[in-house]
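# Observations on the model geometry
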2 protein chains.
Amino acid sequence: MKRRLLLVSNSTLHGEGYLQHCQQHIRDFFGEKVTRILFIPYALHDRDAYAKTARQKFQSLGYELDSIHEAPNPVDAVRKAQGIFIGGGNTFRLLKTLYDHNLVSEIKKRVLEDGVPYMGSSAGTNVSTVSICTTNDMPIVCPPTLTAIGLVPFNINPHYLDTDPNSRHMGETREQRIMQYHEEPDTPSVLGLREGSVLLVEGNKATLLGTTNACLFIRGKPATQHEPGADFSFLLTDTN
Amino acid sequence: MKRRLLLVSNSTLHGEGYLQHCQQHIRDFFGEKVTRILFIPYALHDRDAYAKTARQKFQSLGYELDSIHEAPNPVDAVRKAQGIFIGGGNTFRLLKTLYDHNLVSEIKKRVLEDGVPYMGSSAGTNVSTVSICTTNDMPIVCPPTLTAIGLVPFNINPHYLDTDPNSRHMGETREQRIMQYHEEPDTPSVLGLREGSVLLVEGNKATLLGTTNACLFIRGKPATQHEPGADFSFLLTDTN
Ligand SMILES: [Ca+2]
Ligand SMILES: [Ca+2]
């Protein structure tokens, strides 16, 4: 398994610049062999502005960036990519557009069979997993299915948020929402990545990077907290 | 148009009992001709417990409550209902189950053609509108479509939440999420019902009840705030 993934909870930490908090991880991940990154901006409406922001950041890290929305043939762009980065925004819009352009199976093939490094942030992290069932986003459009690229066999909840004990708001807490997911039969584990967390997957090894703890929900068990450096490789082989 | 709807943002206000904050509206709405309410508990996993909670509350208001999950034939139960109440929980689970049991068109017919009074709370309010595209819930299951019962031609966002200026969390605010919806073409207006708000629809007249202001999003226009007593009848005829 050649799989290499860098799955980021959030593109921007409060008070910092775009992708600033994880820039050293990005450099380490794409390394020096990759010179150009294929960017997929479908999660946001203004793709030009989004590509500009991403291009500036990646150029500052030493990488050229091609945005797929400027490519004459998106499938072809994925076939030729040295590295892929899918940015955040609305997860439903992102997944629908990936299906509209027949990119889901192509990206999966490139990453799992050819070892093309894949970086995702927020919605781009959601779509890399088994399904988008644990996105925080509004269903503003309807993708053909919630099944996603499936680069890992579990779910991630990005921007994971602890329950605020002082809140008077009565909507479900994040934990309650994930618990509701696990009331459904045969639902996989959910890794809650707080802002500042990054999951690095290399082959069959998964490691928590970043500055915040992650919260793991396994169906039928109490949630557990894990510090940066934690080994999550068991999530890659678990079928549940 | 015989339509009569009582659309509640949230079933429980902080520090109060189940449906306590809107109990006088419920009495006024179902009145004295209705003696039995058909309850639809599909949004929560534990239907027995949910029906028990709802039954206690409605009995205290003078109504018997039949839960549809105890009926031998759900479609038949809707056909015979004097009044309908759909409770909150997970909106995706609720809508999927309504479709699984062929209830969407049956409820629509009963409410719009026969004038059966319909009360919804939270997810039960979402499914009464044109679609569930503005739910806050996680897509824990996949309904066949996001199109909902369509008792009104616009969207509601229940539990509407103002942006917290002190938050360091970088996930989208509620306003940003609704704005993303309106980036999509031909999307209808969204009425943000804060906790404590209730929308009463009688024929072609819609009135804001309750104790909190509502926030209205019309595509391409700035959001506007509206106090209890506001007339929202124009939302019933607007096609957009
Ligand atoms: Ca998002
Ligand atoms: Ca809910």
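An unreviewed UniProt entry annotates chain A as Alpha-aspartyl dipeptidase isoform X1 of Huso huso.

### Looking at the overall build of chain A
Summing up its helical and strand segments, chain A has eight helices and eleven strands in all. Relative to the 2.2 N^0.38 estimate, which gives 18 Å for 240 residues, the radius of gyration of chain A is 17 Å and therefore close to what a compact globule would have. If one aligns the C-alpha atoms of chain A with their principal axes, the spans along those axes are about 45 × 40 × 35 Å. Here chain A holds 240 residues, and the buried ones make up 58% of them. A separation of at least 24 residues holds for 69% of the contacts in chain A among residues at least 6 apart in sequence. Surface summary for chain A: the accessible area is close to 9,600 Å², and the carbon and sulfur share equals 48%.

### Things to note about the relation of the copies chain B and chain A
For these two chains of identical sequence, chain B goes onto chain A by a turn of 180° and a shift of 0.0 Å along the axis, with RMSD 0.0 Å. Look at the turn and shift together and you get a two-fold axis relating the two. Taken as a fraction of all interface residues of chain B, those also at the interface in chain A reach 100%, which identifies the copy contact as same-surface.

### Structural notes on the coordination of the calcium ion (ligand 2)
Around the calcium ion (ligand 2), the protein supplies Glu172 of chain A (OE), Glu172 of chain A (OE), Gly89 of chain B (O), Asp137 of chain B (OD) and Asp137 of chain B (OD) as donor atoms, at distances of 2.3 to 2.8 Å. On the criterion of chain membership, the pair formed by Glu172 of chain A in the loop between strand 6 (155-160) and helix 7 (174-183) and Gly89 of chain B in the loop between strand 4 (84-86) and helix 4 (91-100) is interchain, its members lying in two chains.

### Quick notes on the coordination of the calcium ion (ligand 1)
Perfect tetrahedral coordination of a metal by four donors corresponds to 109.5 degrees between them, and perfect octahedral coordination by six donors corresponds to 90 or 180 degrees. Protein coordination of the calcium ion (ligand 1) is provided by Gly89 of chain A (O), Asp137 of chain A (OD), Asp137 of chain A (OD), Glu172 of chain B (OE) and Glu172 of chain B (OE), with donor distances spanning 2.3 to 2.8 Å. In this pair, Gly89 of chain A sits in the loop between strand 4 (84-86) and helix 4 (91-100) while Asp137 of chain A sits in the loop between helix 6 (123-126) and strand 6, placing the two residues 48 residues apart along the sequence. For the pair formed by Gly89 of chain A and Asp137 of chain A, the shared burial category is buried.

### Observations regarding the interface of chain B and chain A
Listed as interface residues are 38 residues of chain B and, on the opposing side, 38 residues of chain A. Together, the buried faces of chain B and chain A total about 3,400 Å²; carbon and sulfur atoms form 58% of this surface. Sorting the residues of chain B by area buried against chain A places His14, Met138 and Met170 of chain B first, and these three jointly supply 20% of that buried surface. For the interface between chain B and chain A, the tally reads six salt bridges. A salt bridge links Arg93 of chain B to Glu183 of chain A; the shortest N-O distance between them is 2.7 Å. Every element with two or more residues in the side of chain B that touches chain A is listed here: helix 4, strand 6 (155-160) and helix 7 (174-183) of chain B.

### Focus: the sheet that holds strand 11 (residues 224-226) of chain B
Residues and elements named next belong to chain B. Judged by pairing direction, the sheet is mixed, and its four strands sit side by side in the order 6-7-10-11 without closing on themselves. Every interior strand has two partners, whereas the edge strands, strand 6 and strand 11, have only one. Between one strand and the next, the sheet's axes are offset by a mean angle of 25°, whatever the strand orientation. Taken together, the three bridges between strand 10 (residues 214-217) and strand 11 define a ladder with antiparallel strand orientation.

### What to know about the pattern of salt bridges
By the definition in use, this model includes 26 salt bridges over all chains. Between Glu202 of chain B and Arg4 of chain B there is a salt bridge whose closest N-O contact spans 3.8 Å. Separated by 198 residues along the polypeptide, Glu202 of chain B in strand 8 (residues 197-202) and Arg4 of chain B in strand 1 (residues 4-8) bring together distant segments of the chain. Judged by its relative accessible area of 41%, Glu202 of chain B is partly exposed. We note a salt bridge from Arg110 of chain B to Asp114 of chain B, for which the minimum N-O separation is 2.7 Å. Taken together, the residues span about one helical turn, with Arg110 of chain B and Asp114 of chain B both in helix 5 (residues 104-114) at a distance of four residues. Its relative accessible area of 12% is what places Arg110 of chain B among the buried residues. Several salt bridges share partner residues, and in doing so they unite Arg93 of chain A together with Glu183 and Glu184 of chain B into one network.

### So, helix 1 (residues 23-30) of chain A
Residues and elements named next belong to chain A. Those residues of helix 1 that sit buried are Ile26, Phe29 and Phe30. Projected down its long axis, helix 1 shows its buried positions confined to an angular sector of 80°, all on one face. Looking one or two residues beyond helix 1, the residue adopting positive phi is Gly31, at roughly 65°.

### Remarks on unusual backbone geometry
All names here are of chain A. Even without glycine at this site, Leu19 takes up a positive phi of about 60°. The residue Leu19 is located in the loop between strand 1 (4-8) and helix 1 in this model. The exposure class of Leu19 is buried, given its relative accessible area of 0%. For Asp186, which is not glycine, the phi dihedral falls at a positive 60°. Position of Asp186 among the secondary structure elements: in the loop between helix 7 and strand 7 (190-194).

### Brief notes about the sheet that holds strand 6 of chain A
Residue and element names in this part refer to chain A. One open sheet holds the four strands; their spatial order is 6-7-10-11, and the pairing between them is mixed. At either end of the open sheet lies a strand with only one pairing partner, and these are strand 6 and strand 11 (224-226). With strand direction ignored, the average angle separating the axes of adjacent strands in the sheet is 25°. Pairing between strand 7 and strand 10 (residues 214-217): four bridges, direction antiparallel.

### Concerning the side chain of Arg3 of chain A
Residues and elements named next belong to chain A. Mapping Arg3 onto the fold places it in the segment before strand 1. Among buried charged residues, Arg3 stands out as having no salt bridge; its nearest opposite-charge side chain is Glu202, 11 Å away. Within the local environment of Arg3, its side chain forms a polar contact with the backbone oxygen of Leu151, the two atoms lying 2.9 Å apart.

Scoring rules and cut-offs
- Residues numbered from 1 in each chain as written.
- Chains lettered and ligands numbered in written order.
- Predicted model: local features only at pLDDT ≥ 70, side-chain atom pairs only at ≥ 80, totals over all residues.
- Heavy atoms only, no water.
- Helix = DSSP H or I, 4+ residues; strand = E, 2+ residues; numbered from the N terminus.
- Rg over C-alpha atoms; globule rule 2.2 N^0.38 Å.
- Buried < 20%, exposed > 50% of the residue type's maximum accessible area, 1.4 Å probe, protein only.
- Contact = heavy atoms within 4.5 Å.
- Areas by Shrake-Rupley, 256 points an atom, 1.4 Å probe, with all protein chains shown as cover.
- Least-squares fit on C-alpha atoms with pLDDT ≥ 70 in both.
- Donors = N, O, S within 2.8 Å, 3.2 Å for Na, K, Ca; no water.
- Buried area = accessible area lost by both parts, 1.4 Å probe.
- Salt bridge = Lys/Arg side-chain N within 4 Å of Asp/Glu carboxyl O.
- Pairing = 2+ DSSP bridges.
- Axes fitted to C-alpha atoms, helices over the stretch in contact; angles between N-to-C directions.
- Arc of directions from axis to C-beta.
- Lys, Arg positive; Asp, Glu negative; His and termini not counted.
- Polar contact = N/O pair within 3.5 Å; in protein donor to acceptor, adjacent residues only side chain to side chain.

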